[in-house]
Amino acid sequence: MKKLLLRLTAVIAAILVCVTASGCGITTFLTPAETIRPPRITGEFEGVRTALEASVGSDIVMEYPKGDNGVASFMTADLDGDGTDEVLAFYRQDTEASVTRMNLLKSDSSGGWVSVQDIDPVGIALDSVSFCDLDNDGCQEVVTGWNMYDAKNKEMAIYKMDSGLLTQRASERYTEYVLCDINSDSVTEIVVLLLSSAEQTASVSAFKFSSADGITISGSAPLDGGVTSYAKITVGKAGEDVPALYIDAFKGTTATLTELVYWDDGKLVNAYYNDETGETSATLRSFTEYCRETREGEMLIPFEKPLFGQSEDAAVRLNFTEWRVFEDSADEISTVTFKCDDYSYYFNLPEQWYDSVSATYGSDSSVLIFYEYDPVSGSKKGELMRIRIFEAGQTEEAQSLGYEVIASDRTYIYTVRLVRGNELSIDLTAAREGFEFI
Ligand SMILES: [Ca+2]
Ligand SMILES: [Ca+2]
């Protein structure tokens, strides 16, 4: 559970990526924590709270964007490009229900702070704040996301600095959004996901921001309208140099799917979406698993690969996960893994096992058995390897039963018993290489 929470924290950070427009497409992805200097209440920002209270009264409670992780009650950035940072502070009036307000403060000539603008809230609570130069004029705009009174979806409001004050230039309904250069034109787009559960529709749209027109749509693509919520959005590549969004979504409580969205031939496309059914069934899996990035920066999409030889009415269906790299013609299989949720590990199958090995797992006894399976005759053949978990300190007992240790942590030792002499047999080194903690 703890690991799940950590993963969700990473998800929140991933959703709010802002790209530095460097003039050569996507090169760097920064989390808000990196684009915004961490606020300190000492030193140069010491007078901010006092200046805020002088302007809006002292009966206030400092707030912070609800959906952001680790971002505090004010953020700093040089919004007007004059070389010194402004402060955007978030607070609520103590006497008022939970409505987040924003206040813009500037440093004055004597090095103190003064409030110059109080900005009316767009919704009930501030969910996210990002600073990003959306129109390539060298100054960052402020992109805010708000929880609304009535709905599941949120409202985005974009502010631009104009004569020293922030002016709202655009707003848009959204479920999730990402700031990135999706079409490689060196201008950051606002990519908006909008899910309407009531109407069972969902779409992704890329918007451009300009000072004159606010936001205008550049492209749009349908998404699976039957999803329940979005779990994780990762900005990666589809192929060599094509920016892409990998969108992991829940469909129900445990099933997940991945939408892969990128710009192709002047339009936004959703690689696995089926126009006829209106669903993205190709990537639908019955379990919860999200895309992962390899050390080399390649994105892997999880596909469900049911184990051979299971009876249709088995109480618990077991699956391998086939991790694929997206390719235009046919996806490339990167690895096939068994995931053990009970003991939080993956076992990555050796390649020679992909088409002819199945497994059984007894959660009570923690034993995972891999065996050879003949898909043609549908028959189970000899055992190849079993993984068994012992309590820490039980090494001797494990060894006396023919097990060899491949990994350990404070609580358990993770062991294997190998069957040798089969052409599919693997050695201890390969078993160790295949084992991975989640
Ligand atoms: Ca700008
Ligand atoms: Ca762009």
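Residues numbered from 1 in each chain as written. Chains lettered and ligands numbered in written order. Predicted model: local features only at pLDDT ≥ 70, side-chain atom pairs only at ≥ 80, totals over all residues.

Draft legend 1. Just the overall build of the protein, in detail. A tally of helices and strands in the protein yields five helices and 30 strands. In the protein, which comprises 438 residues, the share counted as buried stands at 39%. In the protein, 46% of the contacts between residues at least 6 apart in sequence involve partners at least 24 apart. (Helix = DSSP H or I, 4+ residues; strand = E, 2+ residues; numbered from the N terminus. Buried ≥ 20, exposed ≤ 12 C-beta atoms within 10 Å, placed from the backbone. Contact = placed C-beta atoms within 7 Å.)

Draft legend 2. Inspection of the nonpolar core at higher detail. Ranked by size, the top nonpolar core spans 78 residues in total, and within it V48, A89, I190, V191, L245, L260 and I301 carry the most contacts. Apart from residues no more than four positions distant in its own chain, L245 is found in contact with V178, V191, I233, V235 and V261. Listed in part, the 25 residues of the second largest apolar core include V336, F370, L384 and I389. (Core = buried A, V, L, I, M, F, W, Y, C linked by C-beta atoms within 7 Å.)

Draft legend 3. Looking closely at the sheet that holds strand 13 (residues 189–196). One open sheet accounts for four strands, arranged 12-13-14-15; its pairing is antiparallel. The sheet is open, and its two edges are formed by strand 12 (176–180) and strand 15 (214–223), each paired on a single side. The sheet shows a mean angle of 20 degrees between the axes of neighbouring strands, taken without regard to direction. (Pairing = 2+ DSSP bridges. Axes fitted to C-alpha atoms, helices over the stretch in contact; angles between N-to-C directions.)

Draft legend 4. Looking closely at helix 3 (residues 48–56). When we look at burial in helix 3, the residues that qualify are V48, A51 and L52. The buried residues of helix 3 all sit within an arc of 100 degrees when viewed along its axis, so they share a single face. Looking at the buried residues of helix 3, the elements they touch are strand 4 (74–77), strand 5 (86–93), strand 6 (101–107) and strand 7 (113–119). Following helix 3 by one or two positions, G57 has its phi on the positive side, about 100 degrees. (Arc of directions from axis to C-beta.)

Draft legend 5. Inspection of the sheet that holds strand 8 (residues 125–132) at higher detail. Spatially, 8-9-10-11 is the arrangement adopted by the four strands of the open sheet, whose pairing is antiparallel. Of all the strands in the sheet, just strand 8 and strand 11 (165–174) have a single pairing partner and so form its edges. Here the strands of the sheet are splayed against their neighbours by 20 degrees on average, with no regard to which way each runs. Relative to strand 9 (residues 141–147), strand 8 runs antiparallel, the two sharing seven bridges. By the bridge assignment, S130 is partnered in strand 9 with V143.

Draft legend 6. View of the confidence of the model for the protein. In the predicted model, the protein carries a mean pLDDT of 87, and 88% of its residues have values of at least 70. This stretch, residues 1–40, has a pLDDT under 50; its non-local contacts, to residues over four places away or in other chains, come to 78 contacts. (pLDDT = per-residue confidence, 0-100.)

Draft legend 7. Up close: the environment of P243. As for its placement among the helices and strands, P243 is situated in strand 17 (residues 243–250). Between the alpha carbons of P243 and W263 there is a distance of 7.5 Å; along the sequence they are 20 residues apart.

Draft legend 8. Spatial organisation of the pairing of strand 16 (residues 229–237). Sheet topology note: the strand 16/strand 17 ladder contains eight bridges and is antiparallel. Residue pairing in the sheet places T234 in a bridge with Y246 of strand 17. Between strand 16 and strand 17, which follow one another and run antiparallel, lie five residues, and G239 among them has a positive phi close to 80 degrees.

Draft legend 9. The arrangement of the pairing of strand 19 (residues 267–270) in detail. Burial along strand 19 is one-sided: L268 and N270 are buried, while K267 and V269, pointing the other way, are not. Relative to strand 19, strand 18 (residues 256–264) runs antiparallel, the two sharing four bridges. Across the sheet, residue W263 finds its bridge partner in strand 19, namely L268. Hairpin connection from strand 18 to strand 19: two residues lie between these consecutive antiparallel strands, with D265 at a positive phi of about 55 degrees.

Draft legend 10. Spotlight on unusual backbone geometry. At S184, a position not held by glycine, the phi torsion is positive, near 55 degrees. By secondary structure assignment, the location of S184 is in the loop between strand 12 and strand 13. The exposure class assigned to S184 is partly exposed, which follows from the 14 C-beta atoms found within 10 Å. In this structure, S344 takes a positive phi of about 55 degrees despite not being glycine. Here S344 is to be found in the loop between strand 23 (332–340) and strand 24 (345–348).

Draft legend 11. Region of the structure containing the environment of S220. Among the secondary structure elements, S220 is positioned in strand 15. Separated by 14 residues in sequence, S220 and A206 have C-alpha atoms that sit 6.2 Å apart. Setting aside chain neighbours within four positions, we find S220 in contact with S203, V204, S205 and L268.

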